[in-house]
Amino acid sequence: MKPLLICTDLDGTLLPNGASPESVGARTIFANLVSKPEIMLAYVSGRHLELVEQAIREYELPKPDWIIADVGSSIYRQSLNGWSLLNQWSLHISSSWQGLCASELLGVMPQLSGLIQQPEDRLNIHKLSFFMPPSINQSVLTLAINKCLIRHNICANQIYSIDQNTSTGLLDILPSLAGKLPAIEFLMREQGLSAEQILYAGDSGNDLSVLSSELPAVLVANAHPDVAAQAMEAATQKGTTRCLYIAQGGYRGMNGNYSAGVLEGIEHFYAEALWELA
């Protein structure tokens, strides 16, 4: 088979840290699969590098080839000396913010009711993050933020999601050139991979750009029904429903949650990758 790059979100996708049960042995099967030489692995997360490393240790995850961290605003490559930041990616996305870092961007942001800045350990030079009430009017908020940023010639993406464990609204503001999908596409170009050599797995709102793209993608079964509805609606509008698979459970008798759902998605799009494990 051709080389295959598996890109997976962590929290709620590969990590069984939600309310739904994990299928016994699913992570072991996943680890065995990605140990095959023709398979490459990237973790794609809203976490920063240190928290990704913590998750790898805590859940005994296989070490990836790349870490796309901070919701796609930083990319790290595995090297002999640990993790090496891809500076060309950082330079590429910085132009969207006129060279400003997150703390400088905060200085030009409007004071908006309901937004609470997230702790420093959740920020990154190119990621500004807030907590917010889930009931907040996103359209009004987006318009107010964009109106301010445009005055400063700043182009930004606003990514909304919900922390299902705490029912807290989350807002990440990134350079317009950044994000999970652009970062994955950057890796594809760097490695000379086509869409037929990619599998993405996710579970939340900040995965929607990839779930509704032309890249093969799986939404794990433990994802909130609202996310599934949003992903299917976005894919329908873009004409990419053929690229989106929603895990239902059943592969190897597993429930489709977390890593079992990732495996189910791989089986759906790339059954040959799992033949040796049958």
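Here, the structure is the one placed above.
On a predicted model such as this, the values are computed, not experimentally measured, just so you know.

Caption draft 1: Structural view of unusual backbone geometry. Here Gln98, not a glycine, exhibits a phi torsion of approximately 55°, which is positive. Structurally, Gln98 is set in the loop between helix H3 (87-94) and helix H4 (102-106). At Ser167, a position not held by glycine, the phi torsion is positive, near 55°.

Caption draft 2: Geometry of the pattern of salt bridges. If you walk through the whole model with that rule in mind, you get 6 salt bridges. In this structure, Arg27 and Glu22 form a salt bridge, with 2.7 Å as the shortest nitrogen-oxygen distance. For Glu22, a relative accessible area of 26% translates into the label partly exposed. Through salt bridges with shared partners, one network takes in Asp9, Lys180 and Asp207.

Caption draft 3: Expanded view of the sheet that holds strand S7 (residues 128-132). Across the sheet, 4 strands lie side by side as S6-S7-S9-S8; this open sheet has antiparallel pairing. Strands with a single pairing partner mark the edges of an open sheet, and in this sheet they are strand S6 (116-117) and strand S8 (156-163). Summarising the sheet, S6 and S7 pair through 2 bridges and their orientation is antiparallel. Residue Ile116 lies in a different strand from S7, and its bridge partner there is Phe131. Packed onto the sheet, helix H5 (residues 138-151) meets S7, S8 and strand S9 (168-175) and runs at close to 150° relative to S8.

Caption draft 4: Inspection of the packing of aromatic side chains at higher detail. Going through the model one piece at a time under the given rule, you end up with 2 aromatic pairs. Ring centres of Trp89 and Phe186 lie 5.2 Å apart, and the angle between their planes is 55°; on these two criteria the pair is classed as tilted. On the criterion of sequence distance, the pair formed by Trp89 in helix H3 and Phe186 in helix H6 (residues 180-191) is long-range, its members being 97 residues apart.

Caption draft 5: View of the packing of helix H1 (residues 26-34) against helix H9 (residues 258-269). Relative to each other, H1 and H9 sit at 45°, their axes nearing to 8 Å. On the basis of their axis angle, the class for H1 and H9 is oblique. Here the hand of the crossing between H1 and H9 comes out left-handed. For the pair formed by H1 and H9, the contact residues are Ala26, Arg27, Ile29, Phe30 and Leu33 on the first element and Ser259, Ala260, Val262, Leu263 and Ile266 on the second.

Caption draft 6: Structural detail: the environment of Glu190. Structurally, the position occupied by Glu190 is in helix H6. Judged by relative accessible area, which is 29%, Glu190 ranks as partly exposed. Note: C-alpha distance between Glu190 and Ser212 (22 residues apart in sequence) is 22 Å. Among all residues touching Glu190, those that are not within four sequence positions of it are Trp66, Arg77, Leu86 and Gln88. Side chain to side chain, Glu190 and Gln191 meet in a polar contact 3.3 Å long.

Caption draft 7: Seen up close, the pairing of strand S1 (residues 4-8). Of all the 5 residues making up S1, 5 are buried; the element is thus mostly covered by neighbouring parts of the structure. With burial as the criterion, each face of S1 is covered, one bearing Leu4, Ile6 and Thr8 and the other bearing Leu5 and Cys7. Pairing analysis gives 5 bridges linking S1 to strand S2 (residues 39-44), with the strands arranged parallel. Of the residues in S2, the one forming a bridge with Cys7 is Ala42.

Caption draft 8: Quick look at the sheet that holds strand S5 (residues 82-85). Taken together, 8 strands build an open sheet; the order of strands is S5-S4-S3-S2-S1-S10-S11-S12 and the sheet is mixed. Both outer strands of the open sheet, S5 and strand S12 (244-246), are each paired with one neighbouring strand and no more. Taking the axes of each pair of neighbouring strands and ignoring which way they run, one obtains an average angle of 25° across the sheet. Here 3 bridges tie strand S11 (residues 217-219) to S12, and the two strands are oriented parallel to one another. Across the sheet, Val218 pairs through a bridge with Tyr245, a residue of S12. Each of S1, strand S10 (198-202), S11 and S12 is contacted by H9, which is oriented at about 135° to S12, the strand it contacts most.

The rules behind these values
- Residues numbered from 1 in each chain as written.
- Predicted model: local features only at pLDDT ≥ 70, side-chain atom pairs only at ≥ 80, totals over all residues.
- Heavy atoms only, no water.
- Helix = DSSP H or I, 4+ residues; strand = E, 2+ residues; numbered from the N terminus.
- Salt bridge = Lys/Arg side-chain N within 4 Å of Asp/Glu carboxyl O.
- Buried < 20%, exposed > 50% of the residue type's maximum accessible area, 1.4 Å probe, protein only.
- Pairing = 2+ DSSP bridges.
- Contact = heavy atoms within 4.5 Å.
- Axes fitted to C-alpha atoms, helices over the stretch in contact; angles between N-to-C directions.
- Phe/Tyr/Trp six-rings, centres within 6.5 Å; stacked < 30°, edge-to-face > 60°.
- Parallel < 35°, antiparallel > 145°, perpendicular 65-115°, else oblique.
- Left-handed = near helix turned anticlockwise from the far one by under 90°.
- Polar contact = N/O pair within 3.5 Å; in protein donor to acceptor, adjacent residues only side chain to side chain.

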